[in-house]
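# Architecture at a glance
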Amino acid sequence: MSATETFDAAKARPLWHRIVVRPESVTLLLLIAAVFVSAWLSPFFADLRFVLESATFYIEFGIIALMLTLVVVSGEIDLSVAATMALSACLFGIAHRAGLGMPVAILIGLGSGALMGLFNGVLVTVFRLPSIIATIGTMVLYRGIAQVIAGDRSVGGFPDWFVGIDFIAVGIVPVPVIIFVVLAILLGLVLGSTLFGRQIYQTGTNPIAARHAGIRVDRLKMILFTASGLTSAVGGLLMASRLGVVRYDLATGGELQVVLIVMLGGTYIFGGRGTIAGTFLALWLLIIIQTGMTVANIAIEAQLTVLGLLLILAIISANAIYAGGRR
Amino acid sequence: MTALGRLVRVREAGLVVMLVILAVVVGAIQPRFLTIATLDIILLAIPLILVAAMGQMMVIVARHVDLSIGSILGFASIAVGMMFRDIPEMPLWLGFILAIAIGAGLGLVNGLIIALFRLPAIIVTLGTLSLYRGLIFILSGGRQVDPNHIPEALIRMAQTSPIGVPWIVIIAFFTALLAYVFLRHLRLGREIYAAGSNPDAARLRGIRVNRVTLVVFSLSGAMAGLAGLMYAARFGYVNPGITGVGFELTVIAAVVIGGVSINGGIGTVPGVVLGVLLLGAVSVALPILGISGFWQDAIYGAIIVIALIVDGSVRAGGLVRLVTGRGG
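Residues numbered from 1 in each chain as written. Chains lettered and ligands numbered in written order. Predicted model: local features only at pLDDT ≥ 70, side-chain atom pairs only at ≥ 80, totals over all residues. Heavy atoms only, no water.

## Considering the overall build of chain B
The condition is simple: Think of it this way: any DSSP run of H or I at least four residues long counts as a helix, any run of E at least two long counts as a strand, and we number them from the N terminus. This radius of gyration counts C-alpha atoms alone. The globule rule is 2.2 Å times how many residues there are, raised to the power 0.38. Think of it in three bands: with a 1.4 Å probe and only protein chains considered, a residue is buried below 20% of the maximum accessible area for its type, exposed above 50%, and partly exposed in between. Contacts: residue pairs with any heavy atoms within 4.5 Å of one another. Computed with the Shrake-Rupley method and a 1.4 Å probe, the accessible areas treat only the protein chains shown as cover for residues. This count recognises Lys and Arg as positive and Asp and Glu as negative, with His and chain-terminal groups excluded. Working definition for charges: the position is that of NZ of Lys, CZ of Arg, CG of Asp or CD of Glu.
From N to C terminus, chain B includes 15 helices and zero strands. Taking 328 residues into account, the globule formula puts the C-alpha radius of gyration at 20 Å, and chain B, at 20 Å, falls close to it. Split into buried and exposed, the 328 residues of chain B put 55% on the buried side. Considering only contacts within chain B whose residues lie at least 6 apart along the sequence, 76% involve residues at least 24 apart. Accessible surface computed for chain B: about 13,800 Å², of which carbon and sulfur atoms make up 68%. A gap of 14 Å separates the mean positions of the 21 positive and 12 negative side-chain charges of chain B.

Laid out in structure tokens, this is it:
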């Protein structure tokens, strides 16, 4: 082994390479391809109005995926998001049924979601549990509590102004889509251009180095988990508004959808890399794929095959691109 | 090593104490909980969980996790159930071999993706959970295998045997015995612990960690396949949308309660058997106490979270100091 070899630093990649070869560009290419293929197969997809209306079925998961992107970039994961949606929506529904009034009920829904996220954060930062397994535990727990308080009946009877937020539109854009876009811009700015955002990347890249650099890693993770719980509660309330009723099995299996959106967006599963732009594009990709399958009369259950396959392919390709970039 | 042994023994003793407390408290409220009939019900409630937990514990000891076992269970049972329906003369033993083989095959796919691409098991098996479930619907066309198509001999296995205890209970405990011998006395079994405790060190000592990954996921799949046929025996039907849904969470709960560390390398078969018994006892105690079945998931969830916290504190040394009165 010669001495010069040890000093052989990796060559810097040319600028075009850095811009083009990244997971988000794969997402973008897939999205463009999906738009053309679906518009070619069915003229519906050439109509922006149709795509936007279809979006309302998946937008709750997209909103949660935006926040989960930050959690994953920080090196953690939250698998309890769908159970948090269900429990906070059920608490909201029961508070309303108990006659507490809508503003209070909504506050209870949002507050309980934040508390559930905070509890996840405590398990991860105070008890030092891996978030992967801790949030599986709370996923069972939150869904179980929802079943205890709501039973197997639907809770409904919400006032008219609350029901059907997906039918209210500004121009042709439904309100939930606007919420998604605004949150995407907001979180994109937080992650991309604030100190806090840089600290999230730093923590995900190397938590020990981050701690030595003076970043309060535990506090940062606590904030992210709480925000993830709160966002899940927002998703739960939006879904309650769309469906008009809440049940304990609301959004069952939603964690797959949310994780899939984040992974399709090219966020690195081991933390430290990923962008809101990727997640933003991934949601639209997923909407077109799923709506396309539904239009093509593929049963919802059979669609699971495609979603599972997509998830695995997404992490394989993102992994390969990041591994290539490091060399 | 002795400190580790003590820790594990503490955990198993703790589980026995919890079982006794549960029996005493529930028995004091409802004396009929402490009868042989109840024991029969508990024994009949656990075989599927016990078998699958043996596979899952090996996966977790190897520092992975397998979320796809519920779908593997469903796939194996629907595939073999359809074969029984379409080929009535197919012998029962062939059904068992096929279920185990199908399960092992699906498990191997998990292992290959994880080992080949160095991906986290949890995300990969979350993907295959949904992938395999979708395949169940495609394979079965969404139709269930009805009770009249399940061989009677198979259903009888969930009811009797020459020695009185149903066959599926005997099979489950025999599987646990095999797992015990495998993990304790066989080279490959010990390698699972080595790979889970410290993969890098294991690799340096010549253990092929990737092979361990393939083995544990294949075994976990095989056990889920076996549990699939036991499901057909126990419930008498197989439904694409019901069979095995959420099963993985119950099994992971049992394994975690049984003292298997989620950080890998630690866990014993007796501990997991006790964990499964405890879950079974809780699920049987609820209706006897007149508590709605809606509580079951919440209680399971609370048990998982508490077991994880205990596990985390044990690792941090807090509990060891508490129990032994000395520094961990």
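## Quick look at the overall build of chain A
Helix and strand counts for chain A come out as 15 helices and two strands. Across its three principal directions, the C-alpha atoms of chain A cover 80 × 55 × 35 Å. For chain A, long-range pairs separated by at least 24 residues make up 80% of all intrachain contacts whose partners lie at least 6 apart in sequence. Working note: accessible area of chain A is about 14,300 Å², and carbon and sulfur atoms make up 70% of it. The average position of the 19 basic charges and that of the 15 acidic charges among the side chains of chain A differ by 10 Å.

## Quick look at the side chain of A:Thr231
The topology assignment puts A:Thr231 in helix H12 (residues 217-243). Those residues in contact with A:Thr231 that sit more than four places away from it in its chain are A:Ile63, A:Ile64, A:Met67 and A:Leu183.

## As for empty space enclosed by the protein
All names here are of chain A. The criterion, for reference: Only protein atoms enter the calculation, which uses a 1 Å grid: trapped sets of points that fit a 1.4 Å probe without letting it out are cavities, open sets showing protein on both sides within 12 Å along at least five of seven lines are pockets, and any residue with an atom within 4 Å of a point is a lining residue. Grid points are joined across faces, edges and corners, and a volume is the space filled by probe spheres set on the points.
If you walk through the whole model with that rule in mind, you get one cavity of 30 Å³ or more. Space inside the largest cavity adds up to approximately 40 Å³. What lines the largest cavity is simply Met 263, Thr 267, Tyr 268, Ile 269, Ala 314, Ile 315, Ala 318 and Asn 319. Sort the elements by how many residues they give to the lining of the largest cavity and helix H15 (residues 300-326) lands first, with four residues.

## Overview of the interface of chain B and chain A
Rules: Buried area: the accessible area, evaluated with a 1.4 Å probe, that two parts lose upon being put together, summed over both parts. Definition used for salt bridges: Asp or Glu carboxyl oxygen within 4 Å of a side-chain nitrogen of Lys or Arg. Here a polar contact is taken to be a pair of N or O atoms separated by no more than 3.5 Å, where protein atoms must pair a possible hydrogen donor with a possible acceptor and residues adjacent in sequence count only if both atoms sit in side chains.
With 36 residues of chain B at the contact, the number on the chain A side is 39 residues. Between chain B and chain A lies a buried interface of about 3,200 Å² when both sides are counted; carbon and sulfur atoms form 86% of it. If you look at where chain B meets chain A, you find zero salt bridges. Seen at the junction of chain B and chain A, the total is four residue pairs in polar contact (both at pLDDT 80 or more). Where the side of chain B that touches chain A is concerned, the elements lending two or more residues are helix H5 (92-117), helix H6 (121-140) and helix H14 (295-316) of chain B. Per-element tally for the side of chain B that touches chain A: the top contributor is H6(B), with 13 residues.

## A closer look at the layout of surface pockets
Put simply, the rule reads: Here the nonpolar group is Ala, Val, Leu, Ile, Met, Phe, Trp, Tyr, Cys and Pro; Asp, Glu, Lys and Arg are the charged ones; every other residue, Gly included, is treated as polar.
By volume, the second largest pocket is sized at about 1,500 Å³. If you trace the second largest pocket, you find 44 residues lining it, with A:Pro130, A:Ile132, A:Phe270, B:Arg63 and B:Pro120 closest to the centre. In terms of residue count, the dominant contributor to the lining of the second largest pocket is helix H11 (residues 209-235) of chain B (four residues). Here the residues of the lining of the second largest pocket are counted per class, giving 25 nonpolar, ten polar and nine charged.

## A short note on the pattern of salt bridges
Residue and element names in this part refer to chain A. In total, this model carries ten salt bridges over all chains according to the counting rule given. Note that Lys 221 and Glu 76 form a salt bridge whose closest N and O atoms lie 2.8 Å from each other. Of this pair, Lys 221 sits in helix H12 while Glu 76 sits in the loop between helix H5 (59-73) and helix H6 (81-97), placing them 145 residues apart in sequence. Salt bridges here are not isolated pairs; linked through shared partners, they connect Arg 128, Arg 211 and Asp 218.

## Remarks on the environment of A:Ser317
Residues and elements named next belong to chain A. Within the element layout of this structure, Ser 317 appears in helix H15. By relative accessible area, which is 31% here, Ser 317 ends up partly exposed. Separated by 294 residues in sequence, Ser 317 and Pro 23 have C-alpha atoms that sit 7.6 Å apart.

## Thoughts on the nonpolar core
Residue and element names in this part refer to chain B. Stated formally: Buried Ala, Val, Leu, Ile, Met, Phe, Trp, Tyr and Cys residues form a nonpolar core when they are joined through side-chain atoms within 4.5 Å.
With 205 residues, the main nonpolar core has Met 54 and Met 57 as its most contacted residues. When residues in this core are grouped by element, the largest group, 13 residues, is from H11. With near-sequence residues (within four places) excluded, Met 54 lies in contact with Ala 176, Ala 179, Met 223, Val 269, Val 272 and Val 273.

## With respect to the packing of aromatic side chains
For clarity, the cut-off: Within 6.5 Å between ring centres, the rings of Phe, Tyr and Trp (the latter by its six-membered ring) count as paired, and their orientation is classed by plane angle as stacked under 30 degrees, edge-to-face over 60, tilted in between. Put simply, a charge is over a ring when the Lys NZ or the Arg CZ is close to the ring centre, within 6 Å, and near the line of the ring normal, within 35 degrees.
Scanning all chains against the criterion turns up eleven aromatic pairs over all chains. Between A:Phe180 and A:Trp284, the aromatic rings sit 6.4 Å apart at their centres with planes inclined by 75°, giving edge-to-face as the arrangement. Note that A:Phe180 is positioned in helix H9 (residues 175-193) and A:Trp284 in helix H14 (residues 276-295), a separation of 104 residues in sequence. In this structure A:Phe180 comes out as buried when scored by relative accessible area, which is 0%. A network of ring pairs unites the aromatic residues A:Phe92, A:Phe158, A:Trp161 and A:Phe162 as a single cluster. Between the NZ or CZ atom of B:Arg234 and the centre of the ring of B:Phe235, over which it lies, the distance is 5.1 Å.

## Points about H5(B)
Residues three or four positions apart in an α-helix share a direction because the helix packs 3.6 residues into each turn. The condition that has to hold: An expected span of 1.5 Å times one less than the residue number is assigned to each helix.
Compared with an ideal rise of 1.5 Å per residue, which puts 26 residues at 38 Å, H5(B) spans 38 Å between its outermost C-alpha atoms and is within 8% of the ideal. Looking one or two residues beyond H5(B), the residue adopting positive phi is B:Arg118, at roughly 50°.

## A look at the confidence of the model for chain B
Reading predicted coordinates in detail is not appropriate for stretches of low pLDDT. Definition in use: pLDDT gives the predictor's per-residue confidence on a scale running from 0 to 100.
Predicted confidence across chain B gives a mean pLDDT of 89, with 92% of residues reaching 70 or more. Scored below 50 in pLDDT, residues 318-328 of chain B makes 16 contacts in the model with residues more than four places away or belonging to other chains.

## Describing unusual backbone geometry
Located in the positive-phi region is A:Ala251, a residue other than glycine, with phi close to 60°. Residue class for A:Ala251 comes out buried when judged on its relative accessible area of 12%. With a phi angle near 50°, B:Arg118 is a residue other than glycine that sits in the positive phi range. Locating B:Arg118 in the fold gives a position in the loop between H5 and H6.

## Some details on helix H4 (residues 69-86) of chain B
With 18 residues, H4(B) extends 25 Å from end C-alpha to end C-alpha; this agrees with the ideal 26 Å at 1.5 Å per step. With 16 of 18 residues buried, H4(B) is to be regarded as a mostly interior element.

## Side note on a nonpolar patch on the surface
Residues and elements named next belong to chain B. In plain terms, the rule: A residue counts toward a patch only above 30% relative accessible area and without a salt bridge, and it is joined to like-charged neighbours within 9 Å or, for Val, Leu, Ile, Met, Phe, Trp and Tyr, to nonpolar neighbours within 5 Å.
Among the surface-exposed residues, Val 17, Ile 21, Val 25, Ile 29, Leu 289, Ile 291 and Trp 295 lie close enough to one another that they form a single nonpolar patch of about 600 Å² accessible area. Sort the elements by how many residues they give to the nonpolar patch and helix H1 (residues 2-29) lands first, with four residues. You can see Ile 29 is positioned in helix H1.

## With respect to the environment of A:Leu30
Counting through the fold element by element, A:Leu30 comes out in helix H3 (residues 23-41). Remark: the alpha-carbon pair of A:Leu30 and A:Leu285, spanning 255 residues in sequence, is separated by 7.2 Å.

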